[in-house]
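Here is how the chains run, residue by residue.
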Amino acid sequence: MSPFQCIRSICTLAFAPFLTLAVSTGALIDLLWVRKSGRKAQAFPRYWGRILCGMAGVRVRVEGLTNIDPGQIYIFAGNHCSQYDIFSFQGYFPHDFRWIAKKELFRIPIFGQAMHRVGYIPIDRSHGRQALKSLDDAARQIASGSSVIIFPEGTRSPDGTLQEFKAGAVLLAIKAGVPIVPLGFSGSHEVLPKGRLLPRNGEIVIRIGTPISTGHYRAADKHVLAAELHAAVARLLEQRSKHE
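Residues numbered from 1 in each chain as written. Predicted model: local features only at pLDDT ≥ 70, side-chain atom pairs only at ≥ 80, totals over all residues. Heavy atoms only, no water.

## What to know about the overall build of the protein
So, point 1. Helix and strand counts for the protein stand at eight helices and seven strands.
So, point 2. For 244 residues, the compact-globule estimate of 2.2 N^0.38 gives 18 Å, and the protein sits close to it at 18 Å.
So, point 3. Counting only C-alpha atoms and orienting by the principal axes, one finds that the protein spans roughly 55 × 50 × 35 Å.
So, point 4. Looking at the 244 residues of the protein, the share that counts as buried comes to 46%.
So, point 5. Here the protein has roughly 12200 Å² of accessible surface; of this, 58% comes from carbon and sulfur atoms.
So, point 6. Within the protein, the 18 negative side-chain charges are centred at a point lying 7 Å from the centre of the 30 positive side-chain charges. (Helix = DSSP H or I, 4+ residues; strand = E, 2+ residues; numbered from the N terminus. Rg over C-alpha atoms; globule rule 2.2 N^0.38 Å. Buried < 20%, exposed > 50% of the residue type's maximum accessible area, 1.4 Å probe, protein only. Areas by Shrake-Rupley, 256 points an atom, 1.4 Å probe, with all protein chains shown as cover. Lys, Arg positive; Asp, Glu negative; His and termini not counted. Charge placed at Lys NZ, Arg CZ, Asp CG, Glu CD.)

Okay, structure coming up:
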C-alpha cells in the first residue's frame, strides 16, 4: 500500500464513526420534522455508502439491472467477504431496499432510532420461539412492500471464496413469498478482507442474476432453495474469473 493510500485509508477508518453519527442524525431529523418519508430518507444512508467508498478510492459498478423490475419486491441475496459489500450496495444499488439487522443494533442511541424510522427490519439471531417470531414478522414486513438484502453465508468469508449457505436465511424468502435475486460481489475481498482494518482502493462489481421464484417452495424445501441460490451466486462469481 502506497503512503498516500495508507493515509487515505486511515482517514476513512477514523472518519467512519463520525459520518455514521452525522448521517443517522440527519436521517432522524428528516424523518421526524422535515419530509417525514422513510423512502426519501434513504438518501442519507446512500450518501454514507458513497462517501465511504469514495474516501477509500473504491469504484463501484452494477451489472445486470435489466434482470429486475424497479417496482417489484425482492429479497436480494449475495456472497459476503467484506464490509465493503455493505458500503457499495448501500451507496450504488438503485433499487429501493431495506436492511435486515440484528435487534441489538436498534438499541444504539440515534443510530438505532434512525434504523427503526427508516424501516430497517430487526431480527432475533438467537434460537427458539422469539427467533421464529422475529422471522415471521420480518417476512410479513417484506411481503407488505419492503425489498431487503441478506447474506446467506451468515458471516464474511475469511478467504474470499463462496461459503456454504445457511438454509435459515432462505427460509425468509419462502415465508415472504417474494422472488429471491442472486448477487455476486466481486473485488470487495481485495478492498478489505476480513480481519484487516485499512481498505485498499479498487473496483467492486455487483452482478445481478435472474430472480428465483419462491412460490412453489415450502419451508421443508429450504435446503433445496439454498442449494439453487448458492449455484446461481457461484455462476455470477465465475463471470469475474472469465474476464480476468
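## Re the nonpolar core
So, point 1. Within the largest apolar cluster, 34 residues are counted, with the highest numbers of intra-cluster contacts made by Val58, Phe76, Tyr84, Phe89, Phe93, Ile149 and Leu183.
So, point 2. Of all elements in the fold, only α1 (3–33), α2 (43–56), β1 (58–63), α3 (83–92), β3 (98–102), α4 (111–118), β6 (180–186) and β7 (202–208) reach the threshold of two or more residues within this core.
So, point 3. It is α2 that provides the largest number of residues to this core, a total of four residues.
So, point 4. The residues touching phenylalanine 89, leaving out its near neighbours within four places in the chain, are Phe76, Phe97, Trp99, Ile149, Leu183, Phe185 and Ile206.
So, point 5. By size, the runner-up hydrophobic cluster in this structure holds 27 residues, among which are Ile123, Leu171, Ala176 and Leu237. (Core = buried A, V, L, I, M, F, W, Y, C linked by side-chain atoms within 4.5 Å. Contact = heavy atoms within 4.5 Å.)

## Here we look at the pairing of β3
Every other side chain in a regular strand lies on the same face of the sheet, so the side chains alternate between the two faces.
So, point 1. Bridge count for β3 against strand β5 (residues 148–150) is two bridges, and the pairing is parallel. Each bridged residue has a counterpart across the sheet, and for tryptophan 99 the counterpart in β5 is isoleucine 149. (Pairing = 2+ DSSP bridges.)

## Some remarks on the sheet that holds β6
So, point 1. Spatially, seven strands are ordered β1-β7-β6-β2-β5-β3-β4 in an open sheet, and the strand pairing comes out mixed. Pairing within the sheet leaves two strands with one partner each, and these edge strands are β1 and β4 (121–123). This sheet shows a mean twist of 30 degrees between the axes of neighbouring strands, independent of strand direction.
So, point 2. Pairing of strand β2 (residues 75–78) with β6, which is carried by four bridges, proceeds in the parallel orientation. (Axes fitted to C-alpha atoms, helices over the stretch in contact; angles between N-to-C directions.)

## Digging into the packing of α1 against α4
So, point 1. Their axes nearest at 9 Å, the elements α1 and α4 cross at an angle of 45 degrees. Between α1 and α4, the angle is such that the two are oblique. In terms of crossing hand, the pair formed by α1 and α4 is left-handed. Between α1 and α4, the contacting residues are Thr20, Ser24, Leu28, Leu31 and Leu32 on the first element and Phe111, Gln113, Ala114, Arg117 and Val118 on the second.
So, point 2. Looking at the contact of α1 with α4 residue by residue, the classes come out as six nonpolar, three polar and one charged. (Parallel < 35°, antiparallel > 145°, perpendicular 65-115°, else oblique. Left-handed = near helix turned anticlockwise from the far one by under 90°. Nonpolar A, V, L, I, M, F, W, Y, C, P; charged D, E, K, R; others polar.)

## Describing unusual backbone geometry
So, point 1. The backbone of lysine 36 shows a phi angle near 55 degrees, a positive value even though the residue is not glycine.
So, point 2. Relative to the assigned elements, lysine 36 resides in the loop between α1 and α2.
So, point 3. Note on lysine 36: relative accessible area 56%, which makes it exposed.

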